[in-house]
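# A closer look at the structure
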Amino acid sequence: MLMVAAIGFFVAGFSYFRHALLLAAMLGAIGMGAFSATKGYQYTMWIVVAVVAGMTFPDRILHVGEFDMRNKWMILVVVQLVMFGMGIQMRLRDFTRIGASGKGVAIGLVTQFTIMPLIGFLLTRGFGFEPEIAAGVILIGCCSSGLASNVMVYIAKANLVLSVTVTALTTLAAPLMTPLMMKVYAGTMVEVSVLSMAMEIIKIMIVPIGAGLLHDYLKTAPRSRYRAIGITSVFIVLLLFVNIGYLWPFFINGFTSTGVAIIEGLHFLLGAIPVGFGYHVLARKWPSMDKKMPYFSMFGIVYFTAVTTAAGQQYLMQIGFLLFLAAVVHNAAGYFFGYWFSRLFGLNAYSARAMALEVGLQNGGMASGLAGSMGKLGTLGLAAAVFSPWMNISGSILANYWRKKQERIAMQTEQSDKEIKSDYKRIELKEDNG
């Protein structure tokens, strides 16, 4: 298939090379699942398939019949689904571990929201991207870390508790820090409203993750609180139905755009309660739902990648390689500064590896969601479509390298212990014989 696809680039008029290229990518993704050595990269390969699909058939990806796949509400629902899948993997206790790893948490927060936006800004100056493309690179640097970093830290056998805690706290800090950093570094490239962006982050991240955490709380909640939350959920559904169905014109006409944005954000926050409760009821009936939800999140990321690539296909044809190079440098800088700043401030290698992966791996879904909410998926969101696959690939490589290194050290230590014990036995035998 790859050979057939390659022919298309050299033989004019060969109209099926795009089909062959996409089919080759799909077969490659399926084939990776058949081998234990490559199975861990299968999801990343499906993201590559999404990129290939967006590049080869942009019109078919962007439109299903008359429906535009870049629809604002479609994007919002999908990104919330992605973040909800992240939320149900988190636990309330993840937010209470600051005392156990305060220094590491501080390093993660500071590095994530200062070094990474600055590096993104410097890269845009070096590569000379157009304003909206450049703002997308900076946006990736301004985003919090995502659940992928926790997975990579687990594979690397690094400090998972620290990683999960930093992910949780950078997520909470994102509604404040991401808009502020975007205003500082990208305010002259695109219009950035700190309040509007904060409200969007609350909608696409805090609300679905909050719903997931409510599901976690209800697992062990006392019966009285469980019932109280159930009754509250019913009341909120009725309130939202009245407000949205009948009172919304009053809000639009009676408040400024800023006021409407705040009211909308509050409605979404309230909606997290019945969503979390409703999901918990369904999960009790079908316990396998928790295990299946991450697949919906993975599908959502593939969707974003395909649609963003298709929307920005023309830009990618022109600057795709430069954007990929920027992704490699930005990502590597995150690993470098995350690790060595941690070592500089006294963290051991076990924790420094976790910080490297936390700082180097940003939340691409968040960046895509924000770009979509601003109606700039094909420009502002383009960096996320390029950076996300590379972050998955590089993170997997680095995590597996550190895991194997840790296993070699453990094996050497075990062998050394055996040799020491053997020496002691020989000495004891000599002494007994002597």
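What this report covers is the structure whose coordinates are included nearby. These numbers come from a predicted model, not from an experiment. Think of each chain on its own: its residues are numbered from 1, step by step along the sequence as written. Per-residue local features of the predicted model are confined to residues with pLDDT of at least 70, and side-chain atom pairs are confined, for both listing and counting, to 80 or more; whole-chain, interface and lining totals are unaffected and use all residues. Think of the side-chain values as coming from all heavy atoms in the structure, minus any hydrogens and water.

### Overview of the nonpolar core
We call a set of buried Ala, Val, Leu, Ile, Met, Phe, Trp, Tyr and Cys residues a nonpolar core when their side-chain atoms join them within 4.5 Å. Working definition: with a 1.4 Å probe on protein chains only, accessible area under 20% of the residue-type maximum means buried, over 50% means exposed, and in between means partly exposed. Counting residues in hydrophobic clusters, the biggest one holds 83 residues, and the most contacted among them are Phe129, Ile138, Met182, Leu323, Leu357, Met366 and Phe387. Numbering goes from the N terminus for both helices and strands, where a helix is a DSSP run of H or I of at least four residues and a strand is a run of E of at least two. Counting residues per element, this core draws most heavily on helix H10 (residues 194-218), at ten residues. Setting aside chain neighbours within four positions, we find Ile138 in contact with Pro117, Gly120, Phe121, Thr124, Met182, Tyr185, Ala186 and Met189. Counting eight residues, the second largest nonpolar core, distinct from the first, contains Leu22, Val49, Ala53 and Phe57. Note on contacts: a residue pair is in contact if any heavy atoms of the two residues lie within 4.5 Å.

### A few points about the packing of helix H7 (residues 131-142) against helix H14 (residues 313-344)
In contact at an axis separation of 12 Å, H7 and H14 are set at 25° when each is read in the N-to-C sense. Between H7 and H14, the interaxial angle falls into the category roughly parallel. With respect to the hand of their crossing, H7 and H14 are arranged in right-handed fashion. Between H7 and H14, the residues in contact are Ile133, Val137, Ile140 and Gly141 and Tyr315, Ile319, Leu323 and His330, respectively. Lines fitted to C-alpha atoms define the axes, with helix axes restricted to the stretch in contact, and inter-axis angles between N-to-C directions lie between 0 and 180 degrees. Working rule for angles: under 35 degrees goes down as roughly parallel, over 145 as roughly antiparallel, 65 to 115 as roughly perpendicular, anything else as oblique. Left-handed describes a crossing whose near helix is turned anticlockwise from the far helix through less than a right angle; right-handed describes the clockwise counterpart.

### Thoughts on helix H15 (residues 349-360)
Its twelve residues place the ends of H15 16 Å apart at the C-alpha level, agreeing with the 16 Å of an ideal helix rising 1.5 Å per residue. H15 sits mainly inside the fold: ten of its twelve residues count as buried. Buried within H15 are the following residues: Ser351, Ala352, Arg353, Ala354, Met355, Ala356, Leu357, Glu358, Val359 and Gly360. Here the expected length of a helix is defined as 1.5 Å per residue gap, with one fewer gap than residues.

### Here's the deal with the side chain of Arg353
Mapped onto the elements, Arg353 comes out in helix H15. Setting aside residues up to four positions removed in sequence, Arg353 forms contacts with Ala158, Tyr339, Trp402, Lys405 and Gln406.

### A word on empty space enclosed by the protein
Of the two site types, the cavity is a set of points on a 1 Å grid over the protein atoms alone where a 1.4 Å probe fits but cannot get out, and the pocket is an open set with protein on both sides within 12 Å along at least five of seven lines, each lined by residues with an atom within 4 Å of a point. Grid points are joined across faces, edges and corners, and a volume is the space filled by probe spheres set on the points. Here the structure, examined in full by the defined rule, presents one cavity of 30 Å³ or more. Here the largest cavity defines a volume of roughly 80 Å³. No other element matches helix H5 (residues 72-87), which puts five residues into the lining of the largest cavity. Tallied by class, residues from the lining of the largest cavity come to five nonpolar, three polar and four charged. In this count, Pro and Cys sit with the nonpolar residues alongside Ala, Val, Leu, Ile, Met, Phe, Trp and Tyr, while Asp, Glu, Lys and Arg are called charged and the others, Gly among them, polar.

### Some remarks on the pattern of salt bridges
Any carboxyl oxygen of Asp or Glu within 4 Å of a side-chain nitrogen of Lys or Arg constitutes a salt bridge here. The tally for this structure, following the rule as stated, stands at four salt bridges. Among the ionic contacts, a cluster of salt bridges with common partners joins Glu200, Lys203 and Glu264.

### Observations concerning the environment of Gly338
Mapped onto the elements, Gly338 comes out in helix H14. Along the chain, Gly338 and Met116 lie 222 residues apart, while their C-alpha atoms are 9.8 Å from each other. Among residues more than four places away in sequence, those in contact with Gly338 are Ala352, Met355, Ala356 and Val359.

### Quick word on the layout of surface pockets
One number sums up the size of the second largest pocket: a volume of about 500 Å³. What lines the second largest pocket is a set of 18 residues, and nearest its centre among them are Gln80, Val207, Phe268, Gly271 and Val275. Counting residues per element, the ones that place at least two in the lining of the second largest pocket are H5, H10, helix H11 (223-254) and helix H12 (257-285). Take the lining of the second largest pocket: its biggest share by element is seven residues, from H12.

### Brief notes about helix H6 (residues 102-127)
Given a rise of 1.5 Å per residue, 26 residues ought to cover 38 Å, and the 37 Å separating the end C-alpha atoms of H6 matches this to within 8%. Once H6 ends, the next one or two residues include Gly128, with phi positive near 65°.

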